Amino acid sequence: MSDFSDLYQDLIIDHQKNPRNFGEMVGANHHADGFNPLCGDKIAVDLKVNGEGVIEDVKFKGSGCAISKASASMMTMALKGKKTGEAEKMFHEFHDMVMGKVEKPAADLGKLKVFAGVKEYPARVKCASLAWHTFEAALHDEKEVISTDDGVDP
């Protein structure tokens, strides 16, 4: 278990300090802002989806705790190049995993499986899932997500 814990910490710290796909996007055709007033995490997600429904580019910007920022960074890497249906499936698999609704994370989550342990810390579920809820809002042209009320007590 120590090796997994070390991997978890290394990945989270790496993505928090060196977030991938961080910044403004020119030519985005979907955007949403996410905010968790309980902890102050703020995330904005920009998407460029082509006519065939493929996510050509995804970027985020914002501020928050290490888990929030790392989740957003890893999410952008996982979603780029996916069809929107695949991306939504991944959102639900990730959400079910961090909520503890599945015993074993879905295989296609790849490195995102490091967030499985978040289910043990209910207040952190919102941190890990804020970027994902914001992504889904952007995909459906909803402009804003206030908190991520997952039925988890803060």
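A few points on the structure.

What counts, and at which threshold
Residues numbered from 1 in each chain as written. Predicted model: local features only at pLDDT ≥ 70, side-chain atom pairs only at ≥ 80, totals over all residues. Heavy atoms only, no water. Helix = DSSP H or I, 4+ residues; strand = E, 2+ residues; numbered from the N terminus. Expected span 1.5 Å × (residues − 1). Buried < 20%, exposed > 50% of the residue type's maximum accessible area, 1.4 Å probe, protein only. Contact = heavy atoms within 4.5 Å. Axes fitted to C-alpha atoms, helices over the stretch in contact; angles between N-to-C directions. Parallel < 35°, antiparallel > 145°, perpendicular 65-115°, else oblique. Left-handed = near helix turned anticlockwise from the far one by under 90°. Nonpolar A, V, L, I, M, F, W, Y, C, P; charged D, E, K, R; others polar.

## With respect to helix α3 (residues 84-99)
The terminal C-alpha atoms of α3, which comprises 16 residues, lie 22 Å apart, in line with the 22 Å expected from a rise of 1.5 Å per residue. Turning to α3, its buried residues are Ala87, Met90, Phe91, Glu93, Phe94, His95, Met97 and Val98. On its buried side, α3 packs onto β3 (55-63), α2 (66-79) and α4 (122-139). Where α3 ends, the next residue or the one after it, Gly100, has phi of about 80 degrees, a positive value.

## A closer look at the packing of α3 against α4
Close contact between α3 and α4 brings their axes to 10 Å; oriented N to C, the two are set at 160 degrees. Here α3 lies roughly antiparallel to α4, going by the angle between them. For the pair α3 and α4, the crossing hand works out as left-handed. Packed against α3, whose contacting residues are Thr84, Ala87, Glu88, Met90, Phe91, His92, Phe94, His95, Val98 and Met99, the element α4 presents Val125, Ala128, Ser129, Trp132, His133, Phe135, Glu136 and Leu139 at the interface. Taken together, the residues of the contact of α3 with α4 break down into 11 nonpolar, five polar and two charged.

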